[in-house]
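One letter stands for each residue in the lines below.
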Amino acid sequence: MRPFSLSSPVVLLDEPSLGDADQVFDYCQDPIFERFLTVPWPYAREHAEGFLGEYVPAGWASDREYTWALRESAGADLVGVIALRLTGESVAADASVHRVGSIGFWLGAPHRGRGLIPEAQRLVADWAFDQGIIDVLHWECLLGNVASARAAWKSGFRYSGVGPSVAAYRDGSYPDSWQGHLAAGDDRRPQPGWPAEVLEL
Ligand SMILES: CC(C)(COP(=O)(O)OP(=O)(O)OC[C@H]1O[C@@H](n2cnc3c(N)ncnc32)[C@H](O)[C@@H]1OP(=O)(O)O)[C@@H](O)C(=O)NCCC(=O)NCCS
């Protein structure tokens, strides 16, 4: 698929380019990325260039992973990234087959706390469900990543529990993670059943 844009009055998701390397490099120096993301660490300028120049275009071209730059308006600097990775199919007890995608995201530190990620997640989920690309959207974060969990909770994900992460961590392990899912047609209001530490701030 060729990269395309999604937008609302609040956020614009468009094609990341090498021109975004300064922002990606700067934001990925955040120590919280070392703890909670699978990005290389220490994060070098060449990692940003490889991500934007090779990894992202290859994901779109192969229809394996669609990655957008998150901006607040056309032509503005990148403030974050959101990606939908197609992870395959799961077969339910009634033998129905569900196509599954996994959502990942980050925001540069100065841009957090304004609801940009729930809005971006809504745009990506609506598009993927409406196009029939996926039936179920999976979310996961390492245990203790309250900010990520709250973004998923606010977006209407149902809490699935704790399990080994689907995505390999930087050292190749599959650490325990909080997991949730959102299905096409689900109510997008915050759902009950999330861990107390996610809800009690
Ligand atoms: C996850 C992330 C995109 C969420 O961004 P955001 O939606 O703007 O949300 P915030 O960072 O403001 O945090 C969301 C909530 O968690 C709370 N929070 C943040 N860090 C927290 C912490 N260490 N402990 C407890 N609560 C925390 C915030 O106060 C906020 O509360 P609110 O929902 O009442 O506003 C952003 O925090 C981020 O980029 N984190 C680093 C990368 C990352 O972990 N990505 C997800 C990987 S699964």
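Our subject is the structure listed above.
Definitions and limits used
Within any chain, residue numbers begin from 1 and follow the written order of that chain's sequence. With the structure being a predicted model, the display of local features is reserved for residues of pLDDT at least 70 and the display and counting of side-chain atom pairs for 80 or more, all residues being used for whole-chain, interface and lining totals. Each side-chain value is derived from all of the structure's non-hydrogen atoms; neither hydrogens nor water enter the calculation. When a carboxyl oxygen of Asp or Glu lies within 4 Å of a side-chain nitrogen of Lys or Arg, that pair is called a salt bridge. Each helix is a run of H or I in the DSSP string that is no shorter than four residues. Each strand is a run of E no shorter than two, and both are numbered from the N terminus. Relative accessibility decides the category of a residue: with a 1.4 Å probe and only protein chains considered, values under 20% of the type maximum give buried, values over 50% give exposed, and everything between is partly exposed. In plain words, nonpolar cores are sets of buried Ala, Val, Leu, Ile, Met, Phe, Trp, Tyr and Cys residues tied together by side-chain atoms within 4.5 Å. The contact criterion used throughout is that any non-hydrogen atoms of two residues lie within 4.5 Å. Paired rings are identified among Phe, Tyr and Trp, the last through its six-membered ring, by centres lying within 6.5 Å, and are further divided according to the angle between planes into stacked (under 30 degrees), edge-to-face (over 60) and tilted (the rest). Note on geometry: a ring has a charge over it if NZ (lysine) or CZ (arginine) is within 6 Å of the ring centre and within 35 degrees of the ring normal. A strand pair is defined by DSSP finding two or more bridges across the two strands. Every angle, taken between N-to-C directions, lies between 0 and 180 degrees, and every axis is a line fitted to C-alpha atoms, over only the stretch in contact when it is a helix.

(A) Structural detail: the pattern of salt bridges. Inspection of the entire model under this criterion finds 13 salt bridges. Here D126 makes a salt bridge to R122, at a shortest N to O gap of 3.4 Å. In this pair, D126 and R122 both sit in helix α4 (residues 116-130), four residues apart, roughly one turn of the helix. Note on D126: relative accessible area 24%, which makes it partly exposed. The exposure class of R122 is partly exposed, given its relative accessible area of 35%. Within this structure, E119, R122, D126 and R188 form a network of salt bridges that share partners.

(B) Expanded view of the environment of P16. On the secondary structure map, P16 appears in the loop between β2 (12-14) and α1 (21-27). Using a relative accessible area of 5% as the deciding quantity, one classes P16 as buried. The sequence separation of P16 and A69 amounts to 53 residues, and the corresponding C-alpha distance is 4.9 Å.

(C) Expanded view of the nonpolar core. L13, W68, L70, L84, L137 and W139 are the most contacted members of the largest nonpolar core, which totals 36 residues. With nine residues, α4 is the single largest residue contributor to this core. Residues within four places of L84 in sequence aside, it is in contact with R64, E65, Y66, W68, G101, S102, V124, W127, A128, I134 and L137. In this structure, A21, V39, L52 and W106 belong to the second largest nonpolar core, which totals 14 residues.

(D) Structural view of the packing of aromatic side chains. All chains considered together, the criterion is met by twelve aromatic pairs. Relative to W127, the ring of Y66 has its centre 5.6 Å away and its plane inclined at 80 degrees; by these criteria the two rings are edge-to-face. Of the two residues, Y66 is situated in strand β3 (residues 65-71) and W127 in helix α4; the sequence distance between them amounts to 61 residues. Taking relative accessible area as the criterion, W127 reaches 10% and is therefore assigned buried. Clustering of aromatic rings is evident, with ring pairs tying together F4, W60, Y66, W68 and W127. Seen from the ring of Y169, R170 lies directly overhead, with NZ or CZ sitting 5.4 Å from the centre.

(E) Expanded view of the sheet that holds strand β4 (residues 80-91). Taken in spatial order, the eight strands make up an open sheet running β1-β2-β3-β4-β5-β6-β8-β7, and their pairing is mixed. Strands with a single pairing partner mark the edges of an open sheet, and in this sheet they are β1 (6-7) and β7 (158-164). Bridge analysis of strand β5 (residues 97-107) against strand β6 (residues 136-142) gives three bridges, and the strand direction is parallel. Directly across from G101, in β6, lies its bridge partner L137. Those strands touched by helix α3 (residues 45-62) are β3 and β4, and its axis lies near 130 degrees from that of β3. Against the sheet, α4 engages β1, β2, β3, β4, β5, β6 and β8 (176-183), with an angle of about 155 degrees to β5.

(F) Fine view of the side chain of H138. Relative to the assigned elements, H138 resides in strand β6. If we skip the residues at most four places from it in the chain, H138 touches V100, G101, S102, I103, F157, V166, Q179 and G180.

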